[in-house]
Protein chains: 2
Amino acid sequence: MNISTRFAVAIHILTLIDSNKDGKSTSEWIAGSVNTNPVVIRRLTGMLNKAGLVEVRPGVAGAKLTRSAADITLLQIYRAVNAVEEDSLFSVHEHPNPDCPVGKNIAGAIVPVFSLAQKAMENVLQEVTLDQIVHQIPVS
Amino acid sequence: MNISTRFAVAIHILTLIDSNKDGKSTSEWIAGSVNTNPVVIRRLTGMLNKAGLVEVRPGVAGAKLTRSAADITLLQIYRAVNAVEEDSLFSVHEHPNPDCPVGKNIAGAIVPVFSLAQKAMENVLQEVTLDQIVHQIPVS
DNA sequence: CTGGAATGTAACTATTATAGTTGCATCTGG
DNA sequence: CCAGATGCAACTATAATAGTTACATTCCAG
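Before going into details, it helps to say that this report is about the structure given with it. Being a predicted model, the structure only gives us computed values, none of them experimental.

### Details of the protein's contact with DNA strand D
Right, on to step 1. In the vicinity of DNA strand D there are 25 residues, among which S4, T5, R43 and G59 of chain A together with S27 of chain B approach most closely.
Right, on to step 2. When the atoms of DNA strand D within 4 Å of the protein are grouped by moiety, sugar and phosphate amount to 64% of the total.
Right, on to step 3. Separating a phosphate oxygen of DNA strand D from a side-chain N or O atom of S27 of chain B is a distance of 2.5 Å.
Right, on to step 4. In the surface near DNA strand D, the residues fall into 10 nonpolar, nine polar and six charged.

### A short note on the interface of chain A and chain B
Right, on to step 1. Taken residue by residue, the interface counts 52 residues in chain A and 53 residues in chain B.
Right, on to step 2. Here chain A meets chain B over a buried area of about 4,300 Å², counting both sides, of which 71% is carbon and sulfur.
Right, on to step 3. Of all residues in chain A, M1, H93 and V102 of chain A bury the most surface against chain B, accounting for 14% of the area lost on that side.
Right, on to step 4. Between the two partners, chain A and chain B, sit zero salt bridges.
Right, on to step 5. Contributing elements (two or more residues each) for the side of chain A that touches chain B: helix 1 (5–18), helix 2 (27–34) and helix 5 (101–126) of chain A.
Right, on to step 6. Examining the composition of the side of chain A that touches chain B, we find that 17 residues originate from one element, helix 5 of chain A, more than from any other.

### Observations concerning the relation of the copies chain A and chain B
Right, on to step 1. The two copies are related by a screw motion: chain A maps onto chain B through a turn of 180° and a shift of 0.0 Å along the axis, at an RMSD of 0.0 Å. A rotation of that kind, with that shift, is consistent with a two-fold axis. Closest approach to the rotation axis within chain A is made by the C-alpha atom of M121 of chain A, at a distance of 2.4 Å.
Right, on to step 2. A shared interface surface links the copies, since 100% of the contact residues of chain A are contact residues in chain B too.

What counts, and where the lines are drawn
Residues numbered from 1 in each chain as written. Chains lettered and ligands numbered in written order. Predicted model: local features only at pLDDT ≥ 70, side-chain atom pairs only at ≥ 80, totals over all residues. Heavy atoms only, no water. Near = heavy atom within 4 Å. Polar contact = N/O pair within 3.5 Å; in protein donor to acceptor, adjacent residues only side chain to side chain. Nonpolar A, V, L, I, M, F, W, Y, C, P; charged D, E, K, R; others polar. Contact = heavy atoms within 4.5 Å. Buried area = accessible area lost by both parts, 1.4 Å probe. Salt bridge = Lys/Arg side-chain N within 4 Å of Asp/Glu carboxyl O. Helix = DSSP H or I, 4+ residues; strand = E, 2+ residues; numbered from the N terminus. Least-squares fit on C-alpha atoms with pLDDT ≥ 70 in both.

Here you go:
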């Protein structure tokens, strides 16, 4: 399987907000660029809000970044939208036979490797900031 | 979401086969250690067979590795069971608005980052061989 | 102070992937 | 030849995702 589009859409949303500092970034407007339903956008801005990346309030039109795009990493966005749970990118079968030496020890042998692999991926996301994405969008 | 248990189970299967060079590793026997249905095992040994990691034939009891565990990497197993499609660990929303500068260019901006992140993860898997896993299982 | 416009959220649907299961055809070696 | 394997199709149950409708709540402009 693969990581939900929530992550890609969240990056899209934050990029839009950052490049629309003058206008009001309403869920409806954002939805027009993402090409989806405004409720999907609100769900995500809600998560980004809880994570402290975005300011958005009931009744008040428009979402705003809480800080500079240079101070937001893709890893923070990834965590905000719960793209992958902590240490669970790889799933491990639950009940191997404890009476078999392999069954008893296989999880202990592979989980650390899985953890390292996941961290390697997340380290890449940590090194990329939102403004690096924004800078790749032509000014108009 | 997360990567299917197929990957973890496949590692379990190959570890079992390697540590059972004397006995016959039938799907039923393997299923007993994994604690699942033999058909699930056969599906996986079938994939491992197609990938050339395992030799298994209709009617003939027992699967065997086609080469030393030192020559099998976790990445090869990962590919064999189709744990993640090429360059699609992260999914990207399909139809952003082409009339919006952000919508038009967002995929081009994030896909390379996603690709790098996925490769970083896969590189870790490439550095781990099956025998490193086998060596973590107590001899008896 | 009120009405329009926005957000928040619950509830439902459709779609997809996974994991398990049954049943049976097919193959093979003793 | 036949008992015991594997291969595979078909079905089920479960879970996550993405989209949608409906509506309560909140705020601000006039």
